[in-house]
Every structure is written in structure tokens, then in C-alpha cells.
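One-letter residues, chain by chain:
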Amino acid sequence: MSCNLYSFAKELLCLLIQTPSISGNEEHTANRIMHVFTERNIPVERIKNNVIVRSTHWDSAKPTILLNSHHDTVKPVEGWNTNPYEAVCVEEKIFGLGSNDAGASLVALICTFLHYYNDSDLPYNLLFVASAEEEISGKNGIECVLPTLGDISVGIVGEPTGMNMAVAEKGLLVLDCVAKGIAGHAAHSQGENAIYNAIKDIQWLQTYEFPKKSDLLGAVKMTVTGIAAGKQHNVIPDECTFMVDVRTNERYTNKEVFDIISASLKSHTKARSFRLNSSSISRSHVLVQRGVELGCELFGSATLSDQAVMSNFSTVKIGPGDTYRSHTAQEYIFESELFHGIDTYIALLKNLTITKI
């Protein structure tokens, strides 16, 4: 790959790091990304803070490949010893908020799109979307854009995976539970303690094992992540609320998992949403097989991405960086990882023949 493309990628990543883009407030990075295309006279569309571009020789008879990554970030955590909004380059590392998650993937996919943009011999249409609100699974992100994009045959979602290929991803189900009791004086043997009732349900959540396991994603995982009860020391609480994070595998829909849980708990149980389901792609898919040819390891991902709302077509998740650096102080990406990401994305798409869906 040309050194010019590498230099452009590094420069763009540094500019994005220096442009705050907390989820829900990504307008300035959306402007920067749009400028990349408008300065090259490439038509660009914007829906809210999502940026959309299409390859120049668009043909509705061809299949469409989606390239997607997000340009929003989480808020900076404690512990940074540099300005998280300053791109600091030290020993071929680029430090800064969003450098790893998912700035490097985003920039590498932009470079890949530009590489193929004017190719009249592409056997597919190439569609690029830089999405907003990924970190909060917001409805003003990719989800509001998908209905406008037309039929998509397969998607490549850029997230830090070490350029290995996630062919399955766990879904997310968040539950709010309310255990009820009867208030009474703590000094007397009266009332019914809602905390004790909640404990029984929490113990079930801790020990129950869903029978259907995935060879890539393992079992459905339930974790109680918050609990609240009581107003003063001498009153038996009549209500205890607790929150449950459920990571689902592709053997169940979120609704199926919810039905099993709600039927097993005495607490009133409500799901915040059923929309973030698990996903998977056949390991025989031509895109997956191309990844294997290029040396990508296949795995199942425990972390959620915009794949969760791409239910109408198959996707893979792959990108430069390391998921364990995400959302940490001193987040960084190696320059070599960024450049390798560009090369691998381009190789994945080279002369790829896919079926129109």
C-alpha cells in the first residue's frame, strides 16, 4: 500500500482524536468525516450524525457490501496522564480517546473505501457508513440509517479485534427487576423483607444454566449489576430493585431468554429492549473464507457492536487494535496495526464475489 495512504490515515486519526465526539454529541467528527469526501468531490449524505457514501459505479443489479464503524466515544475515564483529546505519538503508538475504539477501524475503512471508490470493475457496490451513538446503542445511530440504505448482502463492522474475524457476537438484554415485600418495624417479627425475596431470585440468576450453548459464544451469561432497597434502618423494606445484564448467544432470541427468566423469578421483571440480539454468520460464507485465507482467526465476540441491529443481513466484525484497550486510560493504537488494518480490509474485498440478497 502506498505511503501516502498510510500518512493520510495517521493524519486523519489524529484529527478525529482531537475532535471530541462523546456519544450523542458527534456533530464535529461527522463534519470532519464529511470533509474527507467533499474535498474529493465524492457525494456524501448525512442522517443526523451518521455519514453515508456510495461507490461511484453503483449498479442496483449488483450485491452491496457495507463498510461500517463508529465515530463516537465513551467519556474519558480517570487516570489519563495526557490530554485524552490530544493525539500523542510515542514509539509508533498513537495515544488518545477513541484511537483504538474505534478510530483506527473507522479510518482504515475510509481508506479502503477510497481505494476502491473509482474502480469500475467491482463485482459489488461498496457502501460506507460512519455511525453515531454506537457506545450507547442509541436509536440515532446506525439503526435509524439502515432503512434508507436498500438491500445489503453482507457487512464488515470495524471494531478492535486484532484483525481476527468475529463470526458471532453476543446480544444484550438489560432487565429491571422489582421484588416486593411487606413493610414492618425491624424490631418485631412482622412484615416481609423484600431484600430477602430479591436474594432468592438473585441466587437463581447466579446458578441457572441455559441448556443451549454455542461453540463460539458459550453459554448465556447473567450478571446482577445493581441493587437498591431500604430507606431507614428500622423499617423492613417492602421493595427491592435490582438490575441484570444478560449476554445472549445465537441459540436464543432475546425474547426467548426473557421468557425463561421472567417465568422463573418471583420479582416483577421488565426488559428495557429486545432489539440487541446475538448474531452469527456461516463459516462457509465467502467473506469468512477469504478471511481464513488471509490468516484471520475466527472467534465469537462477547462485546456488543452495531452488528446487534443489523438483523436483515450477515456481518463480520474485524478491525485493528485490541478490545482490552477500549474504554481505558491511555488508550492507544500502534501505527503498524492501523496500516495492517488498511491492507487487510483491501485484501478482503479484492475480487470478492458474493451473492446478491
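Caption draft 1: Molecular detail of the layout of surface pockets. A volume near 800 Å³ is recorded for the largest pocket. E134, R247, T303, L304 and S305 are, among the 38 residues lining the largest pocket, the residues nearest its centre. Of all elements in the fold, only helix 4 (142–145), strand 9 (171–180), strand 13 (239–248) and strand 16 (298–301) reach the threshold of two or more residues within the lining of the largest pocket. Grouping the constituent residues of the lining of the largest pocket by class yields 13 nonpolar, twelve polar and 13 charged. Estimates place the volume of the second largest pocket at around 250 Å³. Residue lining of the second largest pocket: E143, L146, P147, L149, G150, D151, I152, V309, S311, N312, F313 and I357, and that is the complete set.

Caption draft 2: Structural context of the packing of helix 2 (residues 27–38) against helix 3 (residues 99–116). Helix 3 packs onto helix 2 with a crossing angle of 20 degrees between their chain directions and a minimal axis gap of 12 Å. In this view, helix 2 runs roughly parallel relative to helix 3, as classed from their interaxial angle. Seen along the crossing, helix 2 lies across helix 3 with a hand that is right-handed. Contacts between helix 2 and helix 3 involve I33, V36 and F37 from the first element and L106, I110, F113 and L114 from the second.

Caption draft 3: Looking closely at the sheet that holds strand 5 (residues 93–95). Ordered in space as 4-5-18, the three strands form an open sheet in which the pairing is antiparallel. Since the sheet does not close on itself, it has two edges, and those belong to strand 4 (88–90) and strand 18 (332–334), each with one partner. Along the sheet, successive strands turn relative to each other by an average axial angle of 20 degrees, direction set aside. Where strand 4 and strand 5 come together, three bridges link them in antiparallel fashion.

Caption draft 4: Just helix 7 (residues 286–293), in detail. All of the buried residues along helix 7 are L287, V288, R290 and G291. Along the axis of helix 7, the buried residues cluster in a sector spanning 160 degrees; they form a single face. In this fold, the buried residues of helix 7 make contact with strand 7 (154–157), strand 8 (165–169), strand 16, strand 17 (314–317) and helix 8 (335–349). Residue G295 follows helix 7 closely and has a positive phi angle near 90 degrees.

Caption draft 5: Here's a closer look at the pairing of strand 9. Across the ten residues that make up strand 9, a large majority, seven, are buried. When strand 9 meets strand 13, the two strands line up antiparallel, connected through ten bridges. Residue pairing in the sheet places D176 in a bridge with M243 of strand 13. For strand 9 and strand 14 (residues 268–271), the ladder comprises four bridges, and the chain directions are antiparallel. Bridging across to strand 14, C177 finds its partner in T269.

Caption draft 6: Local environment of the packing of aromatic side chains. All chains considered together, the criterion is met by eleven aromatic pairs. Judged by centre distance (5.6 Å) and plane angle (45 degrees), the rings of F113 and Y117 are tilted. Looking at F113, the relative accessible area reads 0%, which means it is buried. Given the relative accessible area of 9%, Y117 is considered buried. For the ring pair F258 and F274, a centre distance of 5.4 Å and an interplane angle of 75 degrees mean the geometry is edge-to-face. Placement of F258 in helix 6 (residues 254–264) and of F274 in the loop between strand 14 and strand 15 (279–280) is noted, with a sequence separation of 16 residues between them. The class for F258 is buried, based on a relative accessible area of 12%.

Caption draft 7: Structural view of the pattern of salt bridges. For the structure on display, the rule yields twelve salt bridges. Among the salt bridges present, the one from K10 reaches E335, with a minimum N-O distance of 2.9 Å. Here K10 is found in helix 1 (residues 3–17), whereas its partner E335 is found in helix 8, with 325 residues between them in sequence. Residue class for E335 comes out buried when judged on its relative accessible area of 14%. The residue K180 makes a salt bridge to E239 at a minimum N-O spacing of 2.6 Å. Here K180, found in strand 9, pairs with E239, found in strand 13; they are 59 residues apart in sequence, far enough to count as distant.

Rules used throughout
- Residues numbered from 1 in each chain as written.
- Predicted model: local features only at pLDDT ≥ 70, side-chain atom pairs only at ≥ 80, totals over all residues.
- Heavy atoms only, no water.
- 1 Å grid on protein atoms, 1.4 Å probe; cavity = no way out; pocket = protein on both sides within 12 Å on 5 of 7 lines; lining within 4 Å.
- Points joined across faces, edges and corners; volume = space filled by probe spheres on them.
- Helix = DSSP H or I, 4+ residues; strand = E, 2+ residues; numbered from the N terminus.
- Nonpolar A, V, L, I, M, F, W, Y, C, P; charged D, E, K, R; others polar.
- Axes fitted to C-alpha atoms, helices over the stretch in contact; angles between N-to-C directions.
- Parallel < 35°, antiparallel > 145°, perpendicular 65-115°, else oblique.
- Left-handed = near helix turned anticlockwise from the far one by under 90°.
- Contact = heavy atoms within 4.5 Å.
- Pairing = 2+ DSSP bridges.
- Buried < 20%, exposed > 50% of the residue type's maximum accessible area, 1.4 Å probe, protein only.
- Arc of directions from axis to C-beta.
- Phe/Tyr/Trp six-rings, centres within 6.5 Å; stacked < 30°, edge-to-face > 60°.
- Salt bridge = Lys/Arg side-chain N within 4 Å of Asp/Glu carboxyl O.

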